[in-house]
Amino acid sequence: MTCPLCEAMCGLTVRVSGNVVQSVRGNRDDVWSLGHSCPKGVSLGQLHHDPDRLRLPMVKRPNGDHVTVSWDDALAESERVLRPVIDRHGARALTVYLGNPVAHNIGLSLYVGALVGFGQAAGMQAYYTPGTVDQWPLNVVSALLFGGMWNGPIPDLDHTDHLLILGANPSASQGSMLSTPDVMRSLRAIAGRGKVVVVDPRRTRTAERASEWVPIRPGTDALLLFAILHSLNENGWISRPEHLRDRVSGLDDVIALAASFTPERVAGTTGIDAMTIRRMARELAHADNPVLYSRIGACTQEFGTLATWLVFVINVAVGALDRRGGALFPRPAAWSQMFMKPPDQPADGWQFGRYHSRVRCAPEVFGQFPISCLAEEIDTPGDGQIHALITVAGNPVISAPGSRRLTSALGMLDAMISVDSWLNETTRHADVILPGLSPLERPHSDDLYWAYSTASCLKWSDAVFEPSPDRPTEWELLLRLGGSFFGTAVSDVDVPALDDLYVGGLIATACTQSNTPLTGRDPARAFAALADRGPARLVDLGIRLGPWGDGLGERPDGLTLQAVRQHPNGLRLEELAGGRIAEIVTTPSGKVELFHPHLADDVARLAARIDRRTPEFLLTSRRHLRSNNSWLHNVPALMRGTERCTLLIHPVDAARIGVGTGELAQITTSEGALSVAAEVSDEVMPGVVCLPHGWGHGVAGTRLDTANAHPGVNSNLLNPPGLIDVPSNTQVVNGVPCSVRAKEGNGHGPEG
Ligand SMILES: Nc1nc2c(c(=O)[nH]1)N[C@H]1C(S)=C(S)[C@@H](COP(=O)(O)OP(=O)(O)OC[C@H]3O[C@@H](n4cnc5c(=O)[nH]c(N)nc54)[C@H](O)[C@@H]3O)O[C@H]1N2
Ligand SMILES: Nc1nc2c(c(=O)[nH]1)N[C@H]1C(S)=C(S)[C@@H](COP(=O)(O)OP(=O)(O)OC[C@H]3O[C@@H](n4cnc5c(=O)[nH]c(N)nc54)[C@H](O)[C@@H]3O)O[C@H]1N2
Ligand code: SF4
Ligand SMILES: [Mo]
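Reading the values: rules and limits
Every chain is numbered on its own, with residues counted from 1 as its sequence reads. Chains carry letters from A onward and ligands carry numbers from 1 onward, assigned in written order. Local features are withheld for residues below a pLDDT of 70 in this predicted model, meaning they are given only at 70 or higher, and side-chain atom pairs are given and counted only at 80 or more; totals for whole chains, interfaces and linings count all residues. Neither water nor hydrogens contribute to the side-chain values; these are computed over all heavy atoms in the structure. Residues are labelled near a given molecule or strand when at least one of their non-hydrogen atoms is within 4 Å of it. Two N or O atoms form a polar contact when they lie within 3.5 Å of each other; inside protein one atom must be a possible hydrogen donor and the other a possible acceptor, and for residues adjacent in sequence the pair counts only when both atoms belong to side chains. In the scheme used here, Gly and all other residues not listed as nonpolar or charged are polar, with Ala, Val, Leu, Ile, Met, Phe, Trp, Tyr, Cys and Pro taken as nonpolar and Asp, Glu, Lys and Arg as charged. In what follows, salt bridge is the name for a side-chain nitrogen of Lys or Arg lying within 4 Å of a carboxyl oxygen of Asp or Glu. Think of it this way: any DSSP run of H or I at least four residues long counts as a helix, any run of E at least two long counts as a strand, and we number them from the N terminus. Classification of residues uses two cut-offs on accessible area relative to the type maximum, computed with a 1.4 Å probe and protein chains only: under 20% is buried, over 50% is exposed, and between them is partly exposed. Angles shown run from 0 to 180 degrees and are taken between the N-to-C directions of axes, each axis being a line fitted to C-alpha atoms and, for helices, limited to the stretch in contact. Small angles under 35 degrees read as roughly parallel and large ones over 145 as roughly antiparallel, with 65 to 115 read as roughly perpendicular and the rest as oblique. Any two residues having at least one pair of non-hydrogen atoms within 4.5 Å are treated as being in contact. Aromatic rings from Phe, Tyr and Trp, with only the six-membered ring used for Trp, were paired whenever their centres fell within 6.5 Å, and each pair was classed as stacked if the ring planes differed by under 30 degrees, edge-to-face if by over 60, and tilted otherwise. All domain edges in this entry derive from an automatic or database-based domain assignment. A pair of strands is labelled paired if DSSP reports no fewer than 2 bridges between them. Note on definitions: the grid is 1 Å and covers protein atoms alone; a cavity is a set of points where a 1.4 Å probe fits but cannot get out; a pocket is an open set with protein on both sides within 12 Å along at least five of seven lines; lining residues have an atom within 4 Å of a point. Grid points are joined across faces, edges and corners, and a volume is the space filled by probe spheres set on the points. By definition, the arc is the one covered by directions from the helix axis to the C-beta atoms.

> Requested: an account of the site of ligand 1, with residues and values cited.
Taken together, 32 residues surround ligand 1, and among them Tyr97, Asn100, Asp420, Glu474 and Ser630 come closest. In the environment of ligand 1, a nitrogen atom lies 3.1 Å from a nitrogen or oxygen atom belonging to the side chain of Asn716. For the shell around ligand 1, the per-class residue count stands at 12 nonpolar, 15 polar and 5 charged.

Put into structure tokens, the structure is as follows:
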């Protein structure tokens, strides 16, 4: 099977005896991952057997306790709580929160579109995802520069000899918006033949294994990148290769914007001296195959959109875009509905801010407001107030900034339904919890991540265990909930009919929209070419519409899902290669449009940062190889070893405030204060402290025995809801101003 936990998509071999998992190991025969795995993947057996994982739905009793009920009762209770809200206020009073595991679960990833689409058709406005505390800057930049929000180049790890990484720690994350098996092996190889430079406020394991660590003051990457661009230009090092001629516009306009950002001017703010910045530019200019890659540390910060943008600009300026060893556009072997433009966007170009949130007046970006708006939209009375929430595989109480307000807001809802497999910090507020199947009880195939992967592969995994026949699948639950928005009772929704309606609608959209493999084709004939139902039908559609597919009968030798299933170790079809700009880019001009007012207009805000004093401390986030955001802390094998939820602080800072390792530090932001054990280490730069996100367990009313024994603190009690990277609506969780003091006395946990 393919591991569904992260973007590395490792093949695993699961040995079972009866209903029991004996072992899980990396599958050496997997054409993609060749045996690579990590501690999370090999713990899938424990996840599957976790006694706290819900096998039956739960409903909340008036006293607040959750009790297990039958599926019939759970669907009836869903109807009982949802219907009055829709009857009284319409679907406008309803919203949806889609969490990260949606993207790693084929039933959810292919059917959340039905939940959201039916919701919007019924009158729901914005919906919420962790996108705005994650990769939204990348989506904005990709849409504007390349034409599609999920179009973007990745570093050619196999051929680059100079990789500059900003704000990513693949040693923990295993790569993000960059899928490759065993990313650390690739980085070692690059360091061996050339250089890997890591720009990060923290000397992560990635930085430790790189050729050079460049500590940067959080939130200032855009200044560094402008100064690098400035330096490249000043020295006549801008590369204007033949292969990008007539394919890129706006480079000189961006270079002009860089004019005032000299290395000397940004040095104090970034914490990187001018000589180092000039050397970084020189090394990029003189490497044979340079490339830049940035990720979440360069997104969820004050200038995340500008930083992400400038990474692509410099990839063009050094001639790396679309060239072997540089930044290459992957060719996903299966087409995805995610590649279609949202139907409410104009045919040419992209529009943001088409409507605004009710309470804060935040502009929408791709139909979403910042995740932290959810709380105020629930707890602020008035026309358009949210009274009903459906969460799908999400734990926003832990993952969204402004968590305290969200926690109390969830208690004010008239209806909350969670499609989720644990009773946790978020779902404990739900009236009904509808659990999904375990990763070993459902088929798996990845929909999105092949668009960011270093090879074109197709993989499909059948379920390891047959689920008990009375268990509904998650995609069926989503259709039921979505169908109920139009008046049918949740339990009466005709799931097969709605599935046909949904798939038919998707196909019709793909036939009418430009730049899809179905553009101009007959929707009825396309629909009739498909068999099966549920996710398998949509995966079949994607494969058949992909570059190697049978085109729904047009190329009889081409692939179908049925053909792919003959290859349990996957099919490896093509390696990453250059020369794809012409087929990828769908901007109005057909060129990579490097300059855009939406981005350029934000440069003044960046320039003002130079004149602003840096606060005493800046708070950053981190991940750990053995965690997955908030939800793997209940797997005993992943919780061994020392406690991980500590506040990293530099020895000089620690001595100044008088706190030692293991002693409590009190950290305060504009949002609140927490006490947490300090871990004194020079792995963070002075003036920076670092807390992992995903903790804050031990809450009454949850059922997470192992996690609750290692509660940690919720860093999003500290991250202020109003701190936003403006052009993309992204929440700032890196570079948050704070103060830190030694804490008198004992007692972990939130205060005041
Ligand atoms: N401070 C700070 N905050 C952050 C971040 C940060 O770096 N710093 N990172 C942000 C990022 S990048 C992300 S993606 C978000 C994550 O934000 P969320 O997606 O809200 O949080 P997760 O912890 O991934 O929660 C996953 C939920 O899915 C449930 N679940 C797991 N498997 C399944 C399944 O198969 N089916 C169903 N139905 N449910 C399942 C779990 O029980 C859990 O409730 O956090 C964000 N928040
Ligand atoms: N094991 C594990 N794997 C995961 C996850 C997990 O929780 N655990 N989560 C998954 C998810 S949802 C995502 S989105 C990806 C994220 O994958 P990555 O983007 O690789 O995320 P992180 O490991 O958080 O690394 C971000 C780095 O940015 C640094 N940073 C913070 N602020 C700044 C800044 O201002 N500038 C610069 N240059 N760097 C900064 C941090 O110190 C950190 O080292 O990982 C995925 N994979
Ligand atoms: S790196 Fe680990 S969690 Fe990610 S896919 Fe591979 S085994 Fe799963
Ligand atoms: Mo994420």
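> Run through the pattern of salt bridges, naming residues and quoting values.
Pairing between side chains of opposite charge can happen when the charged atoms of each approach one another. Counted according to the given criterion, the structure contains 41 salt bridges. A salt bridge links Arg92 to Asp383; the shortest N-O distance between them is 3.6 Å. Here Asp383 lies in the loop between α13 (373–379) and β13 (388–392) and Arg92 lies in the loop between α2 (71–89) and β5 (94–98), a separation of 291 residues in the sequence. Looking at Arg92, the relative accessible area reads 40%, which means it is partly exposed. Overall, Asp383 belongs to the exposed group, its relative accessible area being 66%.

> Can you explain the packing of helix α3 (residues 106–122) against helix α16 (residues 474–484)? Please cite residues and give values.
One way to put it is that α3 packs onto α16 with a least axis distance of 8 Å and a crossing angle of 0 degrees. Relative to α16, α3 is oriented roughly parallel. Counting all contacts with α3, which are made through Gly107, Leu108, Tyr111, Val112, Ala114, Leu115 and Phe118, the residues of α16 involved are Glu474, Trp475, Leu478, Leu479, Leu481, Gly482 and Gly483. Counted by class, the contact of α3 with α16 contains 10 nonpolar, 3 polar and 1 charged residues.

> Describe unusual backbone geometry, with residues and values.
Of note, the phi angle at Gln174 is positive, near 70 degrees, even though the residue is not glycine. By the element assignment, Gln174 lies in the loop between α5 (170–173) and α6 (183–193). Accessibility expressed as a relative area gives 8% for Gln174, which makes it buried. Non-glycine residue Asn515 carries a positive phi angle of around 60 degrees. By secondary structure assignment, the location of Asn515 is in the loop between α17 (495–512) and α18 (523–528).

> Got a sec to walk through the packing of aromatic side chains? Specific residues and values, please.
The full count for this structure, using the stated rule, is 14 aromatic pairs. Look at Trp136 and Phe366: their rings are 5.4 Å apart centre to centre, the planes differ by 85 degrees, and that puts the pair in the edge-to-face class. Placement of the pair is Trp136 in helix α4 (residues 136–146) and Phe366 in the loop between β12 (327–328) and α13, with a sequence separation of 230 residues. For the ring pair Phe146 and Phe329, a centre distance of 5.4 Å and an interplane angle of 80 degrees mean the geometry is edge-to-face.

> Break down the domain arrangement of the protein chain for me, with residues and values.
Under the domain assignment used here, the protein chain contains domain 1 (12–49), domain 2 (136–323 + 580–603) and domain 3 (615–742). Between domain 1 and domain 3, the contact holds 6 residues from the first and 10 residues from the second. One can count 0 salt bridges joining domain 1 with domain 3. The tally of links from domain 1 across to domain 3 stands at 2 residue pairs in polar contact (both at pLDDT 80 or more).

> Any chance you could break down the sheet that holds β13 for me, citing the residues and the numbers?
One open sheet accounts for 6 strands, arranged β4-β3-β15-β14-β13-β5; its pairing is mixed. The two strands at the open ends of the sheet, each matched to only one other strand, are β4 (66–68) and β5. Ignoring which end each strand starts from, the neighbouring axes of this sheet average 20 degrees apart. Looking at chain direction, strand β14 (residues 415–419) and strand β15 (residues 432–434) are connected through 3 bridges and run parallel. Pairing of Ser418 across the sheet is with Ile433, part of β15. Those strands touched by α3 are β5 and β13, and its axis lies near 165 degrees from that of β5. Here α16 sits on the sheet and contacts β13, β14 and β15; the angle it forms with β14, its principal contact strand, is near 155 degrees.

> Please set out the layout of surface pockets residue by residue, giving values where relevant.
Computed from the structure, the second largest pocket encloses a volume of approximately 890 Å³. Every residue lining the second largest pocket is counted, 38 residues in all, and those nearest its centre are Asn151, Phe339, Asn515, Ile584 and Thr586.

> Could you give an account of empty space enclosed by the protein, naming the residues involved and the relevant values?
Within the structure shown, the criterion is met by 5 cavities of 30 Å³ or more. Approximately 240 Å³ is the volume found for the largest cavity. For the largest cavity, the lining is made up of 23 residues, of which Ala334, Trp335, Asp447, Val539 and Gly542 are closest to its centre. Where the lining of the largest cavity is concerned, the elements lending two or more residues are α3, β16 (455–458), α17 and α19 (534–545). Here the element with the most residues in the lining of the largest cavity is α19; it accounts for 5 residues.

> Which residues make up helix α15 (residues 403–410), and what values go with them?
Given 3.6 residues per turn, any residue in an α-helix points the same way as the ones three and four places further on. The set of residues buried in α15 consists of Ser403, Leu406, Ala409 and Leu410. Along the long axis of α15, the arc covered by the buried residues comes to 120 degrees, so they all point the same way. On its buried side, α15 packs onto α13, β13, α14 (396–399) and β14.

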